[in-house]
Amino acid sequence: MTTEASKRAIHQSPDAELDIFLAKSTLGFKKWSFLVGLLSYSGFTALDFFRFPSELYSTTIPARVLFVLIPLCIAVYVHWTKPISSTRAYISLNTTIYLATGLVNVFVYALARGSGVSEFSELGFVLIILFGCLMISLPILHATMVSIFLIVVLFFVTSLVEGFVIAHVFQISVYTCVATLCLIVHASFQRLLTDNYNMIQQFYGDSITDRLTGLKNNRYFVKQTLHLIQQGKVENKEVSLVIIDIDNFKEINDKYGHAYGDDCLSKLGKTLRSVCRREHDFPCRFAGDEFTIVMYDASKQEVMKVCQDILTDIQLYDVEVSIGNATSKIDKSMPAIVIKNKLFEQADEALYKAKENGRNMVFSAADLEG
Ligand SMILES: Nc1nc2c(ncn2[C@@H]2O[C@H](COP(=O)(O)OP(=O)(O)OP(=O)(O)O)[C@@H](O)[C@H]2O)c(=O)[nH]1
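Residues numbered from 1 in each chain as written. Predicted model: local features only at pLDDT ≥ 70, side-chain atom pairs only at ≥ 80, totals over all residues. Heavy atoms only, no water.

As recorded in UniProt, the sites labelled "transmembrane region" (unreviewed entry) are residues 32–50, 56–78, 90–111, 123–141, 148–166 and 172–189. For the annotated span residues 90–111, helix accounts for 100% and strand for 0% of the residues, and the straight-line distance between the end C-alpha atoms is 31 Å. Its end C-alpha atoms 26 Å apart, residues 172–189 is made of 100% helix and 0% strand. (UniProt positions renumbered as here; feature names shortened; annotations may be inferred. Helix = DSSP H or I, 4+ residues; strand = E, 2+ residues; numbered from the N terminus.)

Over its 42 residues, helix H9 (residues 166–207) extends 61 Å from the first C-alpha to the last, a length consistent with the 62 Å expected when each residue adds 1.5 Å. Where H9 is concerned, the buried positions are His168, Gln171, Ile172, Tyr175, Val178, Ala179, Cys182, Leu183, His186 and Tyr204. (Expected span 1.5 Å × (residues − 1). Buried < 20%, exposed > 50% of the residue type's maximum accessible area, 1.4 Å probe, protein only.)

The immediate surroundings of the ligand are formed by 16 residues, with Asn248, Lys250, Asn253, Asp262 and Arg359 found nearest. The separation between an oxygen atom of the ligand and a polar side-chain atom of Asp245 is 3.0 Å. Here an oxygen atom of the ligand sits 2.9 Å away from a polar atom, N or O, in the side chain of Arg285. Coverage of the ligand by the protein chains reaches 65% of its 660 Å² of free accessible surface. Of the residues forming the shell around the ligand, the biggest block, four residues, is contributed by helix H12 (residues 258–275). Taken together, the residues that form the shell around the ligand break down as three nonpolar, five polar and eight charged. (Near = heavy atom within 4 Å. Polar contact = N/O pair within 3.5 Å; in protein donor to acceptor, adjacent residues only side chain to side chain. Areas by Shrake-Rupley, 256 points an atom, 1.4 Å probe, with all protein chains shown as cover. Nonpolar A, V, L, I, M, F, W, Y, C, P; charged D, E, K, R; others polar.)

Moving on: unusual backbone geometry. Outside of glycine, negative phi angles account for most residues, and trans bonds account for most peptide bonds. Notably, Asn236 is not glycine yet its phi reads approximately 60°, a positive angle. Residue placement: Asn236 occurs in the loop between helix H10 (218–235) and strand E2 (239–246). Phi angles above zero are rare outside glycine, and Asn360 is one such case at about 50°. Mapped onto the secondary structure, Asn360 falls in the loop between helix H14 (336–356) and strand E6 (362–364).

Quick look at a nonpolar patch on the surface now. Residues Val65, Leu66, Phe67, Ile70 and Ile74 make up a contiguous nonpolar surface patch of about 430 Å² in total accessible area. Summarising the element assignment, Ile70 is placed in helix H5 (residues 54–81). What makes Ile70 partly exposed here is its relative accessible area of 40%. (Patch = residues over 30% accessible without salt bridge, like charges linked within 9 Å, V, L, I, M, F, W, Y side chains within 5 Å. Salt bridge = Lys/Arg side-chain N within 4 Å of Asp/Glu carboxyl O.)

Here it is, written out as structure tokens:
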């Protein structure tokens, strides 16, 4: 994995899981609509054998296969076997299919009418517009632009082949009405999905955030630490854990009151946020007056610098803390959860030593071993 890609992977997860969840929740609809589209268009293509003479279907069938059936096969394959990758790739594929299907239909129409074949069903174009406009994986703007483009092209081609008659204006108006109705349904559906997405995001954000300090909570800490350890195993990088605990916090609460205690916790949260300057270091409020910082691929000096900065900065608020830290040994055979528990145990032991030795200081698990 490249550095950029790994940075993105670290940064995205676990929040990226939400996007995947939402993509998955509409996947069933997309999978089946493309499969039904493929099967019905295959039948539609086969009909050319019966309604067109051979010199015509020898052109229309290859055009339908090349520009519609093959892209539809790709869409079915992608949606059934490799559902979650790049949203942009999906949009390009789906837009291409809608555009190609519409243009091939206009081409076949022009060919049939130009050759004097009158048996051309207008329903085909209506169905294509319906399908394209209702394709919920297509952004509304793409769906609208392609619909307008196809209707305009059809209007010009029809007028070119048959001359301009008022019946064409009526025909185009019908297509426009169908497209407008479908686009309204499409827009409402997308609005609903977006509202749901925002609501889920808000609930998810609340569930991983500590309300008092605004830092991430214990739940996020566990999830993200496991993710970083897993990433570290792949990239041979170490993960460090810093545990910070306010000294004699019970006394502070008892002496100055709970509100004052809350204020100390908020200030510590602020301090931790300000000392985490590297992109992937993240502070959490673990529980009560205990906080953590997880650092990815940090040197011993970088970890110690963060610890020292906390000791210095927090004194500005008349609060003292004790700190323990530890760094994971890279062991690819060990499950991430075991590494995480061990890391926590070691950092906690170092914290205990700091408390035992008089508080307001930092201890490293590595120093205890030595
Ligand atoms: N104000 C306030 N106090 C809290 C909160 N959560 C936990 N506490 C208090 O934090 C205190 C934690 O104290 P302890 O961890 O037992 O010990 P300590 O007094 O900090 O002593 P050492 O850790 O040994 O230095 C308890 O009195 C809890 O009631 C909170 O959200 N707000």
